[in-house]
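Spelled out, the chains give:
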Amino acid sequence: MTEDKLKIVVFGAFGAGKTTLIRTLDPSSKHVEAEGVGGSTTIALDFGKVEIDGRHVYLFGTPGQERFEFAREVISRGMDGAILLADATSPVDDFTRHLYDSLTGAKIPFVVMVNKCEEVGAQPDAIKKHFCEVPVHKISAQDHRRSLEALCTFVAVLPPGHGHVHHGIS
Ligand SMILES: Nc1nc2c(ncn2[C@@H]2O[C@H](COP(=O)(O)OP(=O)(O)O)[C@@H](O)[C@H]2O)c(=O)[nH]1
Ligand SMILES: [Mg+2]
């Protein structure tokens, strides 16, 4: 098989809009939530697929709380690219900063998408200033056109995915 498969993982703090973005890009995406014993902790994952220029793009949404570091590590293994979502309606938090530093250090191709830009009072330019080393796209995850445009721009610069080279089992 010479199909080009890309694994892209969406990172971001709780509430940044990861689930919304993946659902907008793929309305039939899957959202899974699991509750811990006693209902104290909830872990949420998203999975969606989009085809862009004949390339199969698989989108994975990671848990957006710090304590789920292990789950993020497992989900992000073998990723071809990453999207970091930041919220334009609130200041950049330490966790988002931590994700940014980790992704920069990991040498994974990634972009920042500043979300909720259509909100009254959103300050996308102030947020953008925190992320100088990578491309930043201003989006609204509720807006299909803007979200897809940003994803397409990112995907266009990605080399063929690992799935192309290392075949998994199916
Ligand atoms: N105004 C606005 N709200 C958004 C946007 N994207 C997500 N939200 C809202 O932000 C909240 C958190 O979104 P969600 O996708 O669940 O975030 P997640 O925790 O990162 O998965 C929800 O109430 C969404 O409706 C957006 O582009 N604009
Ligand atoms: Mg979510």
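Right above here is the structure, for reference.
Residues numbered from 1 in each chain as written. Chains lettered and ligands numbered in written order. Predicted model: local features only at pLDDT ≥ 70, side-chain atom pairs only at ≥ 80, totals over all residues. Heavy atoms only, no water.

Caption draft 1: Spatial organisation of the pairing of strand β4 (residues 55–61). By the alternation rule, side chains of β4 split into R55, V57, L59 and G61, which are all buried, and H56, Y58 and F60, of which none is buried. Pairing between strand β1 (residues 5–12) and β4: six bridges, direction parallel. Residue pairing across strands places K5 opposite H56, the latter belonging to β4. Of the strand pairs in this sheet, strand β3 (residues 42–52) and β4 are connected by seven bridges, and their pairing is antiparallel. Along β4, the bridge assignment pairs K49 with Y58. Hairpin connection of β3 to β4: two residues between the antiparallel strands, including D53 at a positive phi of 50°. (Buried < 20%, exposed > 50% of the residue type's maximum accessible area, 1.4 Å probe, protein only. Helix = DSSP H or I, 4+ residues; strand = E, 2+ residues; numbered from the N terminus. Pairing = 2+ DSSP bridges.)

Caption draft 2: Structural view of the side chain of D4. Counting through the fold element by element, D4 comes out in the segment before β1. Among the polar contacts made by the side chain of D4, one reaches the side chain of R55 at a distance of 2.6 Å. Look past the residues within four positions of D4 in its chain and what remains in contact with it is R55, H56, P160 and G161. (Polar contact = N/O pair within 3.5 Å; in protein donor to acceptor, adjacent residues only side chain to side chain. Contact = heavy atoms within 4.5 Å.)

Caption draft 3: Structural context of the nonpolar core. Formed by 23 residues in total, the largest nonpolar core has its most connected members in F11, L84, F110, V112 and F131. Mapped by element, the contributors of at least two residues to this core are β1, β5 (81–87), α3 (94–106) and β6 (110–115). The dominant element in this core, judged by the number of residues it contributes, is α3, at four residues. Membership of the second largest hydrophobic core comes to 22 residues, among which are A16, I83, A141 and F154. (Core = buried A, V, L, I, M, F, W, Y, C linked by side-chain atoms within 4.5 Å.)

Caption draft 4: Region of the structure containing the site of ligand 1. As a structural note, the neighbourhood of ligand 1 is formed by 15 residues, with G15, K18, T19, T20 and E118 the closest of them. Taking S140, its side chain carries an N or O atom lying 3.0 Å from an oxygen atom of ligand 1. Protein coverage of the free-state accessible area of ligand 1, which is 580 Å², stands at 72%. Class assignment for the residues of the shell around ligand 1 results in four nonpolar, seven polar and four charged. (Near = heavy atom within 4 Å. Areas by Shrake-Rupley, 256 points an atom, 1.4 Å probe, with all protein chains shown as cover. Nonpolar A, V, L, I, M, F, W, Y, C, P; charged D, E, K, R; others polar.)

Caption draft 5: Main features of the pattern of salt bridges. For the structure on display, the rule yields six salt bridges. Residues R77 and E73 are paired through a salt bridge, measuring 3.0 Å at the closest nitrogen-oxygen approach. With its nearest N and O atoms 3.0 Å apart, the salt bridge here joins E149 to R145. With E149 and R145 both in helix α5 (residues 144–156), this residue pair falls four residues apart, about one helical turn. (Salt bridge = Lys/Arg side-chain N within 4 Å of Asp/Glu carboxyl O.)

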